[in-house]
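# Structure assessment
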Amino acid sequence: MAESRYMTINMGPQHPATHGVLRLLLELDGEIVVKAEPHIGYLHRGVEKLSESLTYPQALTLTDRLDYTSGLSNNLAYCLAVEKLLDITIPKRAQYLRVLFAELQRIAAHLLWVATHALDLGAMTVLFYAFRDRETIMEMLELVTGARLTPSFIRIGGLAADIPDTFLPRVKEFVVDLPKRIDEYETLLTDNIIWKKRTQNIAIMSGEECLNYGVTGPVLRASGVYYDVRKAYPYSSYEDFDFEVPLGRKGDVYDRYLVRLQEMRQSNRIVKQAMDNLPEGPVAAVDALQVVPPAKEAISRDIAALIRHFKIMQEGFKPPQGEVYASVESSKGELGFYFVSDGSNKPFRMKIRPPSFVNLGALPKMIEGQMVADVVAAIGSIDIVLGEIDR
Amino acid sequence: MGLEAATPASVQEVINWARKNSIWPVTFGLACCALEMMVASSATYDIARFGAEVFRPSPRQADLMIVAGTVTKKMAPLLKRIYEQMPEPKWVIAYGACACSGGIFQTYNVVQGVDQIIPVDVYVPGCPPRPEGLLKGIITLQEKIAVEPAEQRKLVSLPWGNNG
Amino acid sequence: MDRCLAGDLLKGKFPEAVLKIEEFRGETSITVAPQTIRAVMTFLKESENLYYDLLLDVAGVDFAGQVPRFMIAYLLHSTKFNNKLRIKTWIAEDGALDTVSDIWKAANWLEREAYDMFGIIFNDHPYLKRILLTEEFVGYPLRKDFPLEGRNFDQPFAVCLEEEQ
């Protein structure tokens, strides 16, 4: 017989379990997936091209919309790259606060991940519990930055403003409560026989395969490879903090779930340390006159400050010619920004290294040979964000 | 059919009341605004009290399409297909600046507003709008449905023939 | 120390391939000749003293007006020795580059994106098709002569549905 035995089905862009607009073309032999082909680009907004026509401070606002589950991590990666290009040092208080925000966003992103992943596999209760905790974090962020989802608070040179007095007590409350909440999620899922049957031995990737496919983040660490940008290339004073990096053993969906829950606990530790050891001082590099705008009070008094503020807002600044790359460990993996500067006030080329884009390239390898129902578990375990993949 | 024109006003009021209090959305979250839509359906900003009890994954079982996020030119034909698969009566809320008018992305692959493709009933601006914005959008839509004349929507949506 | 090590070892093994070694803000970038890219990359991955096993990024840059026009930067990381290296190569507008997607499978999608955005052809790539834009898209958006808003921006967008076969 010359006809093909395989059935091609389309897991279309509009699908409740694809975490965004991802299209998967699956060739099935009965229930087994023979070939999987992800089609992306349904959210390609042209961020890299758009950044070439905006000044450096203006292009910062585009970065919130990349990994929209944790907006401040993207801001941090962008600012680290531009500050490396400009070669300015950030005051300690700003660095500690950046760490605090980044870890709060990591907790929020992992909460969202466990909520949607559990929802895909049928456990709906976890969604409501995790969203309750995520709401607490969103409210704290709104208290400081004014926005829940797209803060743009970490600016080039430091932060946009200092934290209000009511912020730290609320963080303290949250940090004390969080371990008990994570215990609740563990009670619901970790020893649950249905959860184990649906996640153990699914989508296994060995450490070497992960490295070959360029996979970073919790997926790589669940396969046993110790690579965390916070430990390998510490940025923003991460070397002052004492935390562990959880590693998995087998590299299946269950290990990735355990790694992420443990990372939430370690992030909690970091937030506690950042709060307890927060130094005093300015929150922006006030000696970098071309970059950091002056204080509002100075603008109404001093003509030089007014002119400087005007120039920074209108023209931005002109970094030296050259190229830099800076990366952070976001909740999905290594998020990096590569800048090529030609000396003008707009980036000549801004390339974003999205962790979810490279991780998704490994999806066909993960699910070929598995059953169709496990595709949903595999997609959920990689933790993709289409805003980052398609940019 | 002439059935719509023959409906008395009191019956139309009841029909509108039934329609507006049980609007079921189809899951159409595209980008960041989808997160705020998910939050609006969870505990703190419960959307179920306005009748949007369940988000139906299949458009055939939904009345409302909340376009939350940027519509790109690659996604546009699929959005139109999903819209056409929804049976009458159907409404559209454009949630977020990108769905209203393209947002901050004035680029080569972004449709400048979903109303270039499908008719929109309510626009909710913001980047992203707060979940209360979505609730206000639904309330505005409910007020709009309450005063709809009989001829505007088909009374019965048949599985064959021209359903508008 | 390890950063210059890569440059020295490469210059020793492929003397005609290494064109320039630069250091800026603590990062090393080595420019190599385009036809030697596969040999250089295989050496960098498999040499015991360098062992760059993680390909982080493949970035294309358009220097319109210069000849050759496109620059491609490969960012490598070694988990064993914990350092990063950038390999740059230049290629003309109608030239082609050998793929490294059999050395690191991560390059498969990254090179497809470079092709999609710039039009850079990679020889022997297993599936060189557009990844982020539609198949019918004409033009390469990240080139400097492509307008930001695209063509026909002032006209309303007309979507055409493919008919079901």
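Residues numbered from 1 in each chain as written. Chains lettered and ligands numbered in written order. Predicted model: local features only at pLDDT ≥ 70, side-chain atom pairs only at ≥ 80, totals over all residues. Heavy atoms only, no water.

## Description of the overall build of chain C
Heads up, the rule is: Numbering of helices and strands runs from the N terminus, with a helix taken as a DSSP run of H or I at least four residues long and a strand as a DSSP run of E at least two residues long. Partly exposed residues are those whose accessible area sits between 20% and 50% of the maximum for their type, while under 20% is buried and over 50% is exposed, using a 1.4 Å probe and protein chains only. Whether two residues touch is decided by their heavy atoms; if any such pair falls within 4.5 Å, the residues are in contact.
When you go through chain C residue by residue, the secondary structure sums to three helices and seven strands. Secondary structure elements of chain C occur, N-terminal to C-terminal, as α-β-β-α-β-β-β-β-α-β. With the C-alpha coordinates aligned to their principal axes, the bounding extent of chain C is approximately 60 × 40 × 25 Å. Across the 165 residues of chain C, 52% fall into the buried class. Expressed as a percentage of contacts within chain C between residues at least 6 apart in sequence, the contacts between residues at least 24 apart total 48%.

## Looking at the overall build of chain B
Our working definition: All accessible areas in this document rest on Shrake-Rupley with a 1.4 Å probe, and a residue is counted as covered only by the protein chains that are shown.
From N to C terminus, chain B includes five helices and four strands. Along chain B, helices and strands appear, N-terminal first, in the series α-β-α-β-α-β-α-β-α. Counting only C-alpha atoms and orienting by the principal axes, one finds that chain B spans roughly 50 × 35 × 25 Å. Taking all 164 residues of chain B together, 52% fall into the buried category. Pairs at least 24 apart in sequence give 79% of the contacts found in chain B among residues at least 6 apart. Carbon together with sulfur atoms contributes 58% to the accessible area of chain B, which is approximately 6,700 Å² in total.

## Some details on the interface of chain A and chain B
Counted only if it meets this: A simple way to read buried area is as the amount of 1.4 Å-probe accessible surface that goes missing from two parts once joined, with both sides added. When a carboxyl oxygen of Asp or Glu is within 4 Å of a side-chain nitrogen of Lys or Arg, the pair counts as a salt bridge. Counting of polar contacts relies on pairs of N or O atoms within 3.5 Å, with two restrictions inside protein: one atom must be capable of donating a hydrogen and the other of accepting it, and residues adjacent in sequence are counted only when both atoms are side-chain atoms. Side-chain classes are defined by residue name, with Ala, Val, Leu, Ile, Met, Phe, Trp, Tyr, Cys and Pro counting as nonpolar, Asp, Glu, Lys and Arg as charged, and the others, Gly among them, as polar.
Listed per partner, the contact involves 28 residues of chain A and 33 residues of chain B. For the pairing of chain A and chain B, the buried interface totals around 2,800 Å² over both sides, and the portion due to carbon and sulfur atoms is 67%. Taken as a group, Gln14(A), Tyr42(A) and Arg45(A) account for 24% of the area that chain A buries against chain B, more than any other trio of residues on that side. The shortest N-O distance in the salt bridge between Glu36(B) and Arg148(A) comes to 3.2 Å. The tally of links between chain A and chain B comes to 10 residue pairs in polar contact (both at pLDDT 80 or more). Counting residues per element, the ones that place at least two in the side of chain A that touches chain B are helix H1 (47-51), helix H4 (92-120) and helix H5 (125-145) of chain A. Per-element tally for the side of chain A that touches chain B: the top contributor is H5(A), with five residues. Here the residues of the side of chain A that touches chain B sort into 14 nonpolar, seven polar and seven charged.

## Quick look at the side chain of Arg69(C)
Residue and element names in this part refer to chain C. Looking at the secondary structure, you find Arg69 in the loop between strand S3 (54-62) and strand S4 (70-78). A distance of 2.8 Å separates the side chain of Arg69 from the side chain of Asp62, its partner in a polar contact. Each residue touching Arg69, except ones within four places of it in the same chain, is listed here: Val61, Asp62, Phe63, Ala64, Trp90, Ile91, Ala92, Glu93, Arg143, Lys144 and Asp145.

## Comments concerning the environment of Lys332(A)
Residues and elements named next belong to chain A. Position of Lys332 among the secondary structure elements: in the loop between strand S6 (322-329) and strand S7 (334-341). With a relative accessible area of 1%, Lys332 lands in the buried category. Between the C-alpha atom of Lys332 and that of Ile367, which follows or precedes it by 35 residues, the distance is 19 Å. If near-sequence neighbours (up to four positions away) are discounted, Lys332 is found in contact with Asp67, Thr69, Ala109, Thr216, Gly217, Pro218, Pro355, Ser356, Asn359, Asp383, Val385 and Glu388. At a separation of 2.9 Å, a polar atom in the side chain of Lys332 contacts the side chain of Thr69.

## Observations concerning the interface of chain A and chain C
With 43 residues of chain A at the interface, the matching set in chain C holds 46 residues. For the pair chain A and chain C, the summed buried surface comes to about 3,700 Å²; carbon and sulfur atoms form 59% of the total. Here chain A and chain C share nine salt bridges between them. Measuring nitrogen to oxygen at the nearest pair gives 3.9 Å for the salt bridge that ties Lys84(C) to Glu334(A). Summed over the shared surface of chain A and chain C, the result is 22 residue pairs in polar contact (both at pLDDT 80 or more). Of the residues belonging to the side of chain A that touches chain C, the class tally is 20 nonpolar, 10 polar and 13 charged.

## As for a nonpolar patch on the surface
Residues and elements named next belong to chain A. Spelled out, the test is: Put simply, a patch holds well-exposed residues, over 30% relative accessible area, that have no salt bridge, with like charges counted together within 9 Å and Val, Leu, Ile, Met, Phe, Trp or Tyr side chains within 5 Å.
A surface patch of nonpolar side chains, amounting to about 400 Å² of accessible area, comprises Leu119, Met124, Phe128, Tyr129 and Leu188. Summarising the element assignment, Leu188 is placed in helix H6 (residues 167-189). Leu188 sits in the partly exposed class, given a relative accessible area of 30%.

## A look at the nonpolar core
Quick note on the threshold: What makes a nonpolar core is a set of buried Ala, Val, Leu, Ile, Met, Phe, Trp, Tyr and Cys residues whose side-chain atoms join them at distances within 4.5 Å. Here the limits of each domain have been adopted from an automatic or database domain assignment.
Residues Tyr74(C) and Ile87(C) are the most contacted members of the largest nonpolar core, which totals 236 residues. It is H4(A) that contributes the most residues to this core, 15 residues altogether. Here this core gathers at least three residues from each of two domains, domain 1 (7-39) and domain 2 (47-390) of chain A.

## Observations regarding helix H3 (residues 76-85) of chain B
Along H3(B), the residues that are buried comprise Ala76(B), Pro77(B), Leu79(B), Ile82(B) and Tyr83(B). Buried residues along H3(B) sit in contact with strand S2 (64-68) and strand S3 (91-95) of chain B.

## Some points on the packing of helix H2 (residues 56-63) of chain A against helix H3 (residues 71-86) of chain A
Residues and elements named next belong to chain A. Under the convention used in this document: Comment: axis = line fitted to C-alpha atoms, over the contacting stretch for helices; angle = value between 0 and 180 degrees taken between N-to-C directions. Should an angle fall under 35 degrees it is taken as roughly parallel, and over 145 as roughly antiparallel, whereas 65 to 115 is taken as roughly perpendicular and any remaining angle as oblique. In this scheme, a crossing is called left-handed if the near helix is turned counterclockwise away from the far one by less than a right angle; it is called right-handed if the turn is clockwise.
The geometry of H2 relative to H3 is characterised by a closest axis approach of 8 Å and an angle of 155 degrees between their N-to-C directions. The orientation of H2 relative to H3 falls into the category roughly antiparallel. Read as a crossing pair, H2 and H3 show a hand that is right-handed. Contact residues: H2 offers Tyr56, Ala59, Leu60 and Thr63, while H3 offers Asn74, Asn75, Tyr78, Cys79, Val82 and Leu85. Residues of the contact of H2 with H3, tallied by class, amount to seven nonpolar, three polar and no charged.

## With respect to the sheet that holds S7(A)
All names here are of chain A. Our working rule: Two strands make a pair as long as DSSP finds a minimum of two bridges between them.
Pairing is antiparallel across the open sheet formed by three strands, whose spatial order is S6-S7-S8. Either end of the sheet is taken by a strand with one partner, and the two such strands are S6 and strand S8 (349-353). For this sheet, the mean inter-axis angle between neighbouring strands, taken without regard to orientation, is 15 degrees. Lying on the sheet, H3 is in contact with S6, S7 and S8; it crosses S6 at an angle near 150 degrees.

## Some words on the pairing of S4(C)
Strand residues, when the strand is regular, have side chains that alternate between the two faces of the sheet. All names here are of chain C. Of all nine residues that make up S4, nine are buried, and the element is covered over most of its length. Of the two faces of S4, the one carrying Phe70, Ile72, Tyr74, Leu76 and Ser78 and the one carrying Met71, Ala73, Leu75 and His77 are both buried. Two elements, S3 and S4, share eight bridges in a ladder whose sense is antiparallel. The residue bridging Val58 from the neighbouring strand is Tyr74, located in S4. Pairing between S4 and strand S5 (residues 83-91): nine bridges, direction antiparallel. Note that in S5 the partner of Ala73 across the bridge is Lys88.

## Some details on the confidence of the model for chain C
The condition that has to hold: Residue-level confidence of the predictor is what pLDDT reports, using numbers from 0 through 100.
When pLDDT is averaged along chain C, the result is 85, and 95% of the positions lie at 70 or above. Interface confidence for the predicted complex, given as ipTM, is 0.91, next to a pTM of 0.92.

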